[in-house]
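# Coordinate analysis (summary)
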Amino acid sequence: MKAAVVTATGRVEIQDVETPAIKDDEVLIKVKTAGVCGSDLHVFQGTHAFRKPPVVLGHEVAGDIVKLGKNVKKFKLGDRVTVEPHLGCGVCEFCKQGLVNICNNKSAPGTAGWIGTFVEYFNAPEKTLYKLDDKVSYEEGTLIEPLAVAVHALTRASVKGRDCLVILGAGTIGLLVLVVARQMGFKTIICTDTAPFNREMSLKLGAAAALNPLSEDVIAKTRELTNGRGADLAIVAAGADGILDQASACVRKRGEIGLVAMITKKIPFYCYSVVFNEQNLYGAMTYETSDFVKATELINGGLDLSAFVTQKRSLEQSQEALEILSQKKENVIKVIVTVG
Ligand SMILES: NC(=O)c1ccc[n+]([C@@H]2O[C@H](COP(=O)([O-])OP(=O)(O)OC[C@H]3O[C@@H](n4cnc5c(N)ncnc54)[C@H](O)[C@@H]3O)[C@@H](O)[C@H]2O)c1
Ligand SMILES: [Zn+2]
Ligand SMILES: [Zn+2]
């Protein structure tokens, strides 16, 4: 079968690879759509913390079940599914608490033993499968994974206030955080992004303000919109020097900062601001199963994210799909790779 493989920084090749064999508890999925994600970009650009070429891209996926392992009980041939793309070791202290996302020995698509999703056929254990409602498109099914990231970024917060949320970076993840935060009852949501298209999109999705961090004073504007108090929570969904300082300065005393962006280089941070203002800083790594369940319920329940899909490319055009997101020459939120 065909697979899109990052063979060197900035280079994707279509290679012929073996169709995965399935274990008794697994199914084989004929891939219909796969999403290009920020972490695929990190592999493509050579900035991923540990994944180095050659890597089969992708972990966001939707498709049809075409083969069942003999122990699979709850799914049948032809079921349209998406996959929660990680597996814990099952024995570490985090797995025992259901925290597969921070398992000490986690496996994920594109790592040893599990192929990525930019392929014609993808294997996945039954316990990672989620059925798509008939009216949900494969493309929207593919968005369940990043939506689960957004759900987790917000469920990790312990701050009680819901008056104001600041989202720094309105790419796919930041905009999905916006969508989920509105459902959770955040009243005033302020987004920042350097790209005009992303700012416009955030306004369409209900942001109270969309600021350009390069030309506007994000901190002053946040203070103005909160009567000088500051936001209850800031979600950092872009990686830029100074972005943690900005987050801390936007947030009120005893407020919180959630870090979802994968900033893999050292950046300066005036951490005294966190002490002085008694703020909490937390990281959010992918999702717990409960977040994935919630994201699937939202999509199967009719949440319309079709506007997020701004470009589609075939598997053969994977190089271009990565370049679109990497170079941002066109207006882009989510690029979907269609297979077959
Ligand atoms: N923690 C996790 O589990 C997890 C999961 C998925 C993605 N991520 C990370 O989250 C980040 C966002 O992912 P994404 O898929 O939305 O990427 P993206 O590239 O779609 O979005 C990033 C956005 O930030 C904007 N931006 C750039 N500089 C900025 C600045 N100084 N201020 C505000 N905005 C700025 C860009 O224009 C872009 O729209 C990435 O670092 C990605 O690796 C983390
Ligand atoms: Zn993703
Ligand atoms: Zn584990």
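The structure displayed is predicted, hence computed values, not measured ones. (Residues numbered from 1 in each chain as written. Chains lettered and ligands numbered in written order. Predicted model: local features only at pLDDT ≥ 70, side-chain atom pairs only at ≥ 80, totals over all residues. Heavy atoms only, no water.)

### So, the overall build of the protein
What counts here: The helix count covers DSSP runs of H or I at least four residues long, the strand count covers runs of E at least two residues long, and both are numbered beginning at the N terminus. As a reference, a globule follows 2.2 Å times the number of residues to the power 0.38, and the radius of gyration itself is taken over C-alpha atoms. Partly exposed describes any residue whose relative accessible area lies between the buried limit of under 20% and the exposed limit of over 50%, with all areas from a 1.4 Å probe on protein chains only and scaled to the type maximum. Whether two residues are in contact is decided by their heavy atoms: any pair within 4.5 Å suffices. Reported accessibility uses the Shrake-Rupley method at a 1.4 Å probe radius. Residues are deemed covered only where the shown protein chains occlude them. Positive charges come from Lys and Arg, negative ones from Asp and Glu, while His and the chain ends are left out of the count. The atoms used to mark charge sites are NZ of Lys, CZ of Arg, CG of Asp and CD of Glu.
Helix and strand counts for the protein come out as ten helices and 16 strands. The C-alpha radius of gyration computed for the protein amounts to 20 Å, which stays within 12% of the reference 20 Å derived for 340 residues, consistent with globular compactness. Seen along its three principal axes, the alpha-carbon backbone of the protein occupies a region of about 60 × 40 × 40 Å. The 340 residues of the protein split such that 53% are buried. Look at the contacts in the protein between residues 6 or more apart in sequence, and 69% of them connect residues 24 or more apart. As displayed, the protein offers around 15000 Å² of accessible surface, 51% of which is attributable to carbon and sulfur atoms. Distance between charge centroids for the protein: 3 Å, based on 39 positive and 38 negative side chains.

### Quick notes on the sheet that holds strand β2 (residues 11-16)
The pairing of strands in a sheet happens through backbone hydrogen bonds and is either parallel or antiparallel. Threshold: When DSSP finds at least two bridges between two strands, those strands are taken to pair. Working convention: axes come from line fits to C-alpha atoms, limited for helices to the stretch in contact. Angles between N-to-C directions cover 0 to 180 degrees.
Read across the sheet, three strands follow the order β2-β1-β4 without closing on themselves; strand pairing throughout is antiparallel. Of all strands in the sheet, those bounded by a partner on one side alone are β2 and β4 (55-56). Looking at chain direction, strand β1 (residues 2-8) and β4 are connected through two bridges and run antiparallel. Looking across to β4, one finds that Val5 is bridged to Val56. Here helix α10 (residues 318-327) sits on the sheet in contact with β1 and β2, set at roughly 155° to β2.

### Comments concerning a nonpolar patch on the surface
Let me state the cut-off plainly: Distance thresholds for patches are 9 Å for like charges and 5 Å for nonpolar side chains (Val, Leu, Ile, Met, Phe, Trp, Tyr), applied to residues having over 30% relative accessible area and no salt bridge. A carboxyl oxygen of Asp or Glu within 4 Å of a side-chain nitrogen of Lys or Arg is what we treat as a salt bridge.
Where nonpolar side chains cluster on the molecular surface, the patch consists of Tyr270, Tyr272, Val275 and Phe276 and spans about 480 Å² of accessible area. A relative accessible area of 57% means that Val275 is categorised as exposed.

### Observations regarding the coordination of the zinc ion (ligand 2)
This is how it is decided: Donor atoms (N, O, S) are those found within 2.8 Å of the metal centre, with the cutoff raised to 3.2 Å for Na, K and Ca; water is not part of the atom list, so apparent gaps in a site can occur. Square planar and octahedral assignments, for four and six donors respectively, both demand that opposite donors be over 155 degrees apart and that all other angles lie between 65 and 115; tetrahedral needs four donors with all angles between 85 and 135 degrees, and anything else is irregular.
Taken together, the protein donors to the zinc ion (ligand 2) comprise Cys37 (SG), His59 (NE2), Glu60 (OE) and Glu145 (OE), at separations of 2.2 to 2.7 Å. Between the four donor atoms coordinating the zinc ion (ligand 2), the angles at the centre fall across 85 to 165°, so the site counts as irregular. On the primary sequence, the residues serving as donors to the zinc ion (ligand 2) are separated as C-x21-H-E-x84-E. Residue Cys37 is found in the loop between β3 (26-35) and α1 (38-45), and its partner Glu145 is found in helix α3 (residues 144-155); the two are separated by 108 residues along the sequence.

### Side note on the packing of aromatic side chains
Heads up, the rule is: For Phe, Tyr and Trp, rings pair up if their centres lie within 6.5 Å, where Trp contributes its six-membered ring, and each pair is then called stacked (planes under 30 degrees apart), edge-to-face (over 60) or tilted (otherwise). Note on criteria: charge over ring means Lys NZ or Arg CZ within 6 Å of the ring centre, with the direction from the centre no more than 35 degrees off the ring normal.
For the coordinates displayed, the defined rule picks out five aromatic pairs. Aromatic pair Tyr287 and Phe292: ring centres 5.2 Å apart, planes at 70°, arrangement edge-to-face. With respect to burial, Tyr287 and Phe292 carry one shared label: buried. Chaining the aromatic ring pairs together yields one cluster made of Tyr130, Tyr287 and Phe292. Here the basic side chain of Arg80 rests over the ring of Tyr138, its NZ or CZ set 4.5 Å away from the ring centre.

### Side note on helix α9 (residues 289-300)
Worth spelling out the cut-off: Helix span is expected to be 1.5 Å times the residue number reduced by one.
Relative to the 16 Å expected for twelve residues at 1.5 Å per residue, α9 spans 16 Å between its end C-alpha atoms, a close match to the ideal helical length. Inspection of α9 places Asp291, Phe292, Ala295, Thr296, Leu298, Ile299 and Asn300 among the buried residues, and these make up the whole buried set. Each element contacted by the buried residues of α9 is listed here: β6 (80-83), β8 (129-131), α2 (138-142), α3 and α4 (172-183). Immediately downstream of α9, the backbone of Gly302 shows phi near 110°, a positive value.

### Structural notes on the site of ligand 1
Keep this limit in mind: Put simply, a residue is near a molecule or strand once any heavy atom of it comes within 4 Å of that molecule or strand. Under the rule applied, a polar contact is a pair of N or O atoms within 3.5 Å (in protein, one hydrogen donor and one hydrogen acceptor; residues adjacent in sequence only if both atoms are side-chain atoms). Each residue is assigned to one of three groups, with Ala, Val, Leu, Ile, Met, Phe, Trp, Tyr, Cys and Pro labelled nonpolar, Asp, Glu, Lys and Arg labelled charged, and all others, Gly among them, labelled polar.
The environment of ligand 1 is formed by 22 residues, the closest being Ile173, Asp193, Val260, Ala284 and Thr286. Between Asp193 and ligand 1, the recorded distance is 2.6 Å, taken from a side-chain N or O atom to an oxygen atom. Met262 places a polar main-chain atom, nitrogen or oxygen, 3.1 Å from an oxygen atom of ligand 1. Taking 860 Å² as the accessible area of ligand 1 by itself, protein coverage stands at 86%. Contributions of two or more residues to the shell around ligand 1 are made by α1 and α4. Classifying every residue of the shell around ligand 1 by side-chain character gives eleven nonpolar, nine polar and two charged.

### Thoughts on the domain arrangement of the protein
Going by this rule: Residue ranges for the domains trace back to a domain assignment, done automatically or taken from a database. Each of two parts loses accessible area, computed with a 1.4 Å probe, when they are put together; buried area is these two losses added.
Here the protein is partitioned into domain 1 (2-148 + 287-338) and domain 2 (157-283). With 16 residues of domain 1 at the contact, the number on the domain 2 side is 13 residues. Carbon and sulfur atoms supply 76% of the area buried between domain 1 and domain 2, which totals about 1300 Å² over both sides. At the junction of domain 1 with domain 2, the criterion picks out zero salt bridges. Here the side of domain 1 that touches domain 2 is composed, by residue class, of ten nonpolar, four polar and two charged.

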